[in-house]
Protein chains: 2
Amino acid sequence: MRLSRFFLPILKETPKEAEIVSHRLMLRAGMIRQEAAGIYAWLPLGLRVLKKIEAIVREEQNRAGAIELLMPTLQLADLWRESGRYDAYGPEMLRIQDRHKRELLFGPTNEEMITEIFRGYIRSYKSLPLNLYHIQWKFRDEQRPRFGVMRGREFLMKDAYSFDIDEAGARRSYNRMFVAYLRTFARMGLKAIPMRAETGPIGGDLSHEFIVLAETGESGVYIDKDVLDLPVPDMDVDYDGDLTPIVKQWTTAYAATEDVHDGSRYEHEVPEERRVHTRGIEVGQIFYFGTKYSDSMKALVAGPDGIEQPIHGGSYGVGVSRLVGAIIEACHDETGIKWPDAVAPFAVAILNLKQGASDTDAACERLYRELSARGVDVLYDDTDQRAGAKFATADLIGIPWQVMVGPKGLAEGKVEIKRRSDGAREHVALEDAIARLMT
Amino acid sequence: MRLSRFFLPILKETPKEAEIVSHRLMLRAGMIRQEAAGIYAWLPLGLRVLKKIEAIVREEQNRAGAIELLMPTLQLADLWRESGRYDAYGPEMLRIQDRHKRELLFGPTNEEMITEIFRGYIRSYKSLPLNLYHIQWKFRDEQRPRFGVMRGREFLMKDAYSFDIDEAGARRSYNRMFVAYLRTFARMGLKAIPMRAETGPIGGDLSHEFIVLAETGESGVYIDKDVLDLPVPDMDVDYDGDLTPIVKQWTTAYAATEDVHDGSRYEHEVPEERRVHTRGIEVGQIFYFGTKYSDSMKALVAGPDGIEQPIHGGSYGVGVSRLVGAIIEACHDETGIKWPDAVAPFAVAILNLKQGASDTDAACERLYRELSARGVDVLYDDTDQRAGAKFATADLIGIPWQVMVGPKGLAEGKVEIKRRSDGAREHVALEDAIARLMT
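Residues numbered from 1 in each chain as written. Chains lettered and ligands numbered in written order. Predicted model: local features only at pLDDT ≥ 70, side-chain atom pairs only at ≥ 80, totals over all residues. Heavy atoms only, no water.

## Quick notes on the overall build of chain A
Argument step 1. Secondary structure summary: chain A contains 14 helices and 23 strands in total.
Argument step 2. Since a compact globule built from 439 residues should have a radius of gyration of about 22 Å, the 24 Å found for chain A is in line with a globular shape.
Argument step 3. Overall size of chain A, expressed as C-alpha extent along the three principal axes, is 80 × 60 × 40 Å.
Argument step 4. Going through the 439 residues of chain A one by one, you find that 60% of them count as buried. (Helix = DSSP H or I, 4+ residues; strand = E, 2+ residues; numbered from the N terminus. Rg over C-alpha atoms; globule rule 2.2 N^0.38 Å. Buried < 20%, exposed > 50% of the residue type's maximum accessible area, 1.4 Å probe, protein only.)

Structural data, given as structure tokens:
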């Protein structure tokens, strides 16, 4: 992508309304624009990151055997009356009347609708286990939306729903999502730690939150530092096999948010030198809620004995749009964002330090053409900005590799490559630059 | 994908509420489920088609130089008051109040919001031309939603918006979208004919609808049959070059919907043997509306003379979810859907005609594994259904290639391959099947 043809509205000043670093950087880097309180437009740079995150979430859901569908944003109020949650949900639910005075709502979550879909088609335990997910915009009418996409009102969530004949099956489904989440967040370059959680309005009696560690995070966490070094299952993990040992390993060492922190257990179980008190951001939560929705909504299947019984369910959320903010909280410095490779909007930025000079133009065009031909996402800064402004923009928007092409270096046949993550720089011959960037 | 692990709820009976063939087939094939009037859940098979269509639309928008962003579904009512459309839009607009009694609406289109984004950042003609698009769910509260996804209330639309300094620039932007649309629909296997159209509530004085020809279409069309044989620009078309000749070629021969049909001109211009009266379905519409929104909403840029002037705009819509229905209207027979290759949910269906027999199981597994490894989307019918039911399902859901693996054929080392589009069948050796399917 040539920057001169892209739409990247960088802000020079730090917006006053932004209280946290990810919100400030997303506004400054031209990633989002607020359209109403807690409602954002995703500008092209922001959308590219959102799509990368979404793609990783989708791949790992598919790998774990979940099947994608797509439910609508609007739902019938009557559906929520069946489960009893229509009145219980409170003012966070956005209630709507259509032209015929039918009551709708903008879905904040989809337990009811997926249960309605399930019961419309599935009759027998033989169709189980089943895990259906979608990635769709949700709405929660927060009393005080803030922190940009971290606590927005319209937000993108991946929510999966599992259906099993009994609790043992449901726990296997739960474990599959547990492992998929470990993989999902690790692929994004994050340390996300599962922590035992309250179940809240979803209900049920087993739940884990996945908390990304970031010093600027929203809530305090207490962990045994051993948990930081646990191995993440690789892509060949057998989702049909027994995942209990992995889940056990990850849930044995102490890790808790301040809400559920048990100081005496912490001091008893974790030696002082292994105690880490830091902060974190919730990016996913998984629930086993048994027959809560299948009882009230009559989602029954015939068991092996022919007798109808309510299915055992779980639900599994990932805050896709929230992750964009969470990753920035975990990966930035004073000059801007430092995207992990897997979610970077572009892999490489080419900075033409003297736009209009025939030698730098030719070298940049060649790099741009050859990297693009190899499938690398390149942003070529071909604007008239001076070099200093180009450096600042590249640091701000956090592209992992910067290639600086200036007349001085080119006179010696060289370009400079900078790694955004650690600032490491090297001079390489123009003809070696591509090989260096492809490693 | 193994069918035993997929979620494909085929209906045996034809649903009574469905008036048109695409709606019937989408329900029967387990592609969609109605959640409220005009509001559908996309079940896994339907979603796969929707995503293929979306991907083609996106690729061709990007190729034509449009830049993707993503605006939210909800918008502030005040934004629409600026353009004067809030009151004018009528009961099709879904109006919403949030918990703080702020007036929102579920966006039916985005001229206002994109103009607000544009004016927030762009100050100079030097940033033009600019074309920004998104693919997002919209809502229009139809008085009487029907025909499934063809006239739903919640629907997926691609809408692009161009910004130019003057009418000449805007016409070039218009032509780029015109050509992109020719390519987009042709890639989906459709004959889509641009026809001069009324501008309606969007406004402006230049507009074309793109109409897919289908005998079951919603409106009558009159065309000069020469238009059916016009060449579609190939992928190397130069979007920076002069596209006028292509647009002229496609707009010279007579083609009109019954709304604007001019019988005397038709008879005068088109020799009787070239007159074709058929039916069609609108799948896209493009508009040039000049300064309609930039005047009222003050989207001004400085021209080369330094004087601020309103930009000239256009908007360009594709009905992404509607296209799923339109393609079925154009591509089906009495037994089911016949997907064009480019939008098929799977490329190949493997039908194990004797599930549980070691020879058919082994042959199917081998085909499934090897095709999948080559990146082919395969649906492997590994269910316990009898052969007849498997044939019927495969025909209904319209996968372009069916590979039938039965004990009789296998005894001679052969499988049968059927092409869904024309029913052509051939027996090939098991080891040649993959090569045959990859051609």
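That shown, we press on.
## Looking at the interface of chain A and chain B
Argument step 1. Counting from both sides, the interface comprises 59 residues of chain A and, opposite them, 59 residues of chain B.
Argument step 2. In total, about 4,900 Å² of surface goes out of reach between chain A and chain B, with carbon and sulfur atoms giving 61% of it.
Argument step 3. A per-residue breakdown of the area chain A buries against chain B is headed by F7, R99 and Y121 of chain A, which together make up 15% of the total.
Argument step 4. Run the count over chain A and chain B and you get 6 salt bridges.
Argument step 5. Along the contact surface separating chain A from chain B lie 20 residue pairs in polar contact (both at pLDDT 80 or more).
Argument step 6. Here the side of chain A that touches chain B is built from residues that sort into 35 nonpolar, 6 polar and 18 charged. (Contact = heavy atoms within 4.5 Å. Buried area = accessible area lost by both parts, 1.4 Å probe. Salt bridge = Lys/Arg side-chain N within 4 Å of Asp/Glu carboxyl O. Polar contact = N/O pair within 3.5 Å; in protein donor to acceptor, adjacent residues only side chain to side chain. Nonpolar A, V, L, I, M, F, W, Y, C, P; charged D, E, K, R; others polar.)

## A look at the domain arrangement of chain A
Residues and elements named next belong to chain A.
Argument step 1. The domain boundaries assigned to chain A delineate domain 1 (7-337) and domain 2 (348-438).
Argument step 2. In this structure, domain 1 and domain 2 have C-alpha centres spaced 38 Å apart.
Argument step 3. In this assembly, 12 residues from domain 1 lie in contact with 7 residues from domain 2.
Argument step 4. Buried surface at the junction of domain 1 and domain 2, both sides included, amounts to about 810 Å², of which 57% is carbon and sulfur.
Argument step 5. Taken together, the links from domain 1 to domain 2 amount to 3 salt bridges.
Argument step 6. On the surface where domain 1 and domain 2 come into contact, there are 6 residue pairs in polar contact (both at pLDDT 80 or more).
Argument step 7. At 3 residues, helix 2 (residues 44-63) tops the list of elements feeding residues into the side of domain 1 that touches domain 2.
Argument step 8. Counted by class, the side of domain 1 that touches domain 2 contains 6 nonpolar, 2 polar and 4 charged residues. (Domains from an automatic or database assignment.)

## Let's talk about helix 7 (residues 244-252) of chain A
All names here are of chain A.
Argument step 1. When we look at burial in helix 7, the residues that qualify are I246, V247 and W250. The arc that holds every buried residue of helix 7, seen down its axis, measures 95°, which confines them to one face. Exposed residues on helix 7 whose side chains face more than 90 degrees from its buried face are P245, K248 and T252. (Arc of directions from axis to C-beta.)

## Some thoughts on the pairing of strand 11 (residues 219-224) of chain B
In the case of a regular strand, side chains alternate between the two sheet surfaces.
All names here are of chain B.
Argument step 1. Most of strand 11 sits inside the fold, with 6 of its 6 residues counted as buried.
Argument step 2. Covered by surrounding structure in strand 11 are S219, V221 and I223 together with G220, Y222 and D224, the residues of both alternating faces.
Argument step 3. Here strand 11 runs beside strand 13 (residues 275-290); their pairing, made up of 6 bridges, is antiparallel. Counted as the bridge partner of I223 is V276 from strand 13.
Argument step 4. Bridge count for strand 11 against strand 12 (residues 255-257) is 3 bridges, and the pairing is antiparallel. (Pairing = 2+ DSSP bridges.)

## Brief notes about unusual backbone geometry
Residues and elements named next belong to chain A.
Argument step 1. For the bond running from L128 to P129, omega is 0°, close enough to zero to count as cis.
Argument step 2. Structurally, P129 is set in the loop between helix 5 (111-121) and strand 7 (130-139).
Argument step 3. With phi around 65°, F147 is a residue other than glycine that occupies positive phi space.
Argument step 4. Residue placement: F147 occurs in the loop between strand 7 and strand 8 (154-164).

## Thoughts on the relation of the copies chain A and chain B
Between the two copies of the chain lies a rotation about an axis combined with a shift along it.
Argument step 1. For the pair chain A and chain B, the relating rotation is 180°, the translation along its axis is 0.0 Å, and the fit reaches an RMSD of 0.0 Å. One copy is carried onto the other by what is essentially a two-fold rotation axis. When C-alpha distances to the rotation axis are compared across chain A, the minimum falls at I96 of chain A, with a value of 2.9 Å.
Argument step 2. A share of 100% of the interface residues of chain A reappears at the interface of chain B, consistent with the copies meeting face to face through the same patch. (Least-squares fit on C-alpha atoms with pLDDT ≥ 70 in both.)

## Remarks on the packing of aromatic side chains
Argument step 1. Summed over all chains, the structure comprises 29 aromatic pairs over all chains.
Argument step 2. Taking the centre distance of 5.9 Å and the plane angle of 75° together, the rings of Y121 of chain A and F7 of chain B count as edge-to-face. Taken together, the residues Y121 of chain A in helix 5 and F7 of chain B in the segment before helix 1 (21-28) connect one chain to another.
Argument step 3. Look at F7 of chain B and you get buried, because its relative accessible area is 3%. (Phe/Tyr/Trp six-rings, centres within 6.5 Å; stacked < 30°, edge-to-face > 60°.)

## Regarding the sheet that holds strand 4 (residues 74-76) of chain B
Residue and element names in this part refer to chain B.
Argument step 1. Pairing is antiparallel in the open sheet, where 3 strands are placed in the order 4-6-5. Two strands bound the open sheet, and with one partner strand each, they are strand 4 and strand 5 (94-97). Sheet twist, expressed as the average angle between the axes of neighbouring strands with direction ignored, equals 40°. (Axes fitted to C-alpha atoms, helices over the stretch in contact; angles between N-to-C directions.)

## Section: the environment of A326 of chain A
Residue and element names in this part refer to chain A.
Argument step 1. Position of A326 among the secondary structure elements: in helix 10 (residues 320-330).
Argument step 2. Each C-alpha atom, one on A326 and one on G280, is 9.0 Å from the other, the two residues being 46 residues apart in sequence.
Argument step 3. Not counting chain neighbours up to four residues away, the residues in contact with A326 comprise M150, I281 and V283.

## With respect to the environment of M71 of chain A
Argument step 1. Here M71 of chain A shows up in the loop between strand 3 (67-68) and strand 4 (74-76).
Argument step 2. Accessibility expressed as a relative area gives 0% for M71 of chain A, which makes it buried.
Argument step 3. Each C-alpha atom, one on M71 of chain A and one on W339 of chain A, is 31 Å from the other, the two residues being 268 residues apart in sequence.
Argument step 4. With sequence-adjacent residues up to four places away left out, M71 of chain A is seen in contact with N110, M113, I114, I117, H134, Q136 and Y161 of chain A together with A41 of chain B.

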